Amino acid sequence: MARTRISSSKLATLAIALSAIFQATAAQTTDVVGDELGWLVPPGGPLAYATWAAMQTFTVGDVLIFNFTTGDQDVARVTKEAYETCNSTNPDVTYVIGPANFTLDSVGEYFFIGTMDRRCTLGQKLAINVSASSSGTANPPSTGTSPVSEGPSGSALPLCKGSCTVLIHT
Ligand SMILES: *[C@@H]1O[C@H](CO)[C@@H](O)[C@H](O)[C@H]1NC(C)=O
Ligand SMILES: *[C@@H]1O[C@H](CO)[C@@H](O)[C@H](O)[C@H]1NC(C)=O
Ligand SMILES: *[C@@H]1O[C@H](CO)[C@@H](O)[C@H](O)[C@H]1NC(C)=O
Ligand SMILES: *[C@@H]1O[C@H](CO)[C@@H](O)[C@H](O)[C@H]1NC(C)=O
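Let me sum up the structure you'll find in this document. (Residues numbered from 1 in each chain as written. Chains lettered and ligands numbered in written order. Predicted model: local features only at pLDDT ≥ 70, side-chain atom pairs only at ≥ 80, totals over all residues. Heavy atoms only, no water.)

## Section: the site of ligand 2
In the vicinity of ligand 2, the contacting residues are Asn87, Thr89 and Asn90. A distance of 2.4 Å is found between an oxygen atom of ligand 2 and a side-chain nitrogen or oxygen belonging to asparagine 87. Protein contact buries 28% of the 360 Å² of open area that ligand 2 shows by itself. (Near = heavy atom within 4 Å. Polar contact = N/O pair within 3.5 Å; in protein donor to acceptor, adjacent residues only side chain to side chain. Areas by Shrake-Rupley, 256 points an atom, 1.4 Å probe, with all protein chains shown as cover.)

## Here we look at the environment of glycine 123
Along the chain, glycine 123 turns up in the loop between β7 (108-113) and β8 (125-131). We classify glycine 123 as buried; its relative accessible area is 0%. Here glycine 123 is in contact with Pro42, Gly45, Pro46 and Tyr49, once residues within four sequence places are set aside. (Helix = DSSP H or I, 4+ residues; strand = E, 2+ residues; numbered from the N terminus. Buried < 20%, exposed > 50% of the residue type's maximum accessible area, 1.4 Å probe, protein only. Contact = heavy atoms within 4.5 Å.)

## Quick word on the site of ligand 4
Neighbouring ligand 4 are Glu109, Ala127, Ile128 and Asn129. In the environment of ligand 4, a nitrogen atom lies 2.7 Å from a nitrogen or oxygen atom belonging to the side chain of glutamate 109. Here asparagine 129 contributes a side-chain N or O atom positioned 2.3 Å from an oxygen atom of ligand 4. With the chains in place, 36% of the 360 Å² that ligand 4 exposes on its own is no longer accessible.

## Remarks on unusual backbone geometry
Backbone geometry follows two general trends: most residues other than glycine have a negative phi, and most peptide bonds adopt the trans configuration. Following glycine 98, the chain continues to proline 99 via a peptide bond in cis, the omega torsion being -5°. At aspartate 35, a position not held by glycine, the phi torsion is positive, near 50°. Mapped onto the fold, aspartate 35 is located in the loop between β1 (30-32) and α2 (47-54). A positive phi angle, near 45°, is found at aspartate 117, a position not held by glycine. Turning to its location among the elements, aspartate 117 is positioned in the loop between β7 and β8.

Here you go:
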């Protein structure tokens, strides 16, 4: 009986650890810029990516995926001024290998353009606002959800029946 109780508590610890991992994974989202359209000169002109961005919520830690074919497109992070004038003279960083992942690591505005030919002028440009991550702020979460009490712990325990002892001793 004592042995069973130790196993249960260790399992509970394991379940909580696993759920923490799942939560950490879920907190970061990836956004494929333009969804199925990918990253190119959009048929609808500059409105295409503005419309897409307006439908998204970007938080610190999210990853943008610029899905393009290497050699056909590129993507550069630029200043607001360079974005507005499609000036690709001095970008912060340029990615020439597609698809390119870009991690949004701070709060604020981000501006991206395609630097090849006249692609930016034709609409290959993206401006977004990134807000603080909901779980990483100094304020305690007022509407905090607590998925720890459900999910992994509820589903993991029944799976361990019979093999729990082996699992713990390894
Ligand atoms: C990128 O685009 C290609 C071609 O359209 C598509 O097959 C692939 O699934 C896309 N990748 C992502 C991450 O959306
Ligand atoms: C483009 O940006 C560069 C570097 O910031 C600047 O020197 C140049 O004057 C800009 N060109 C135009 C047309 O604004
Ligand atoms: C970019 O992110 C996608 C989705 O998370 C991932 O599958 C891919 O391996 C990443 N690519 C690079 C180069 O990190
Ligand atoms: C970001 O948000 C600020 C404040 O709401 C706004 O003035 C600005 O135009 C936004 N920038 C972009 C790129 O959406």
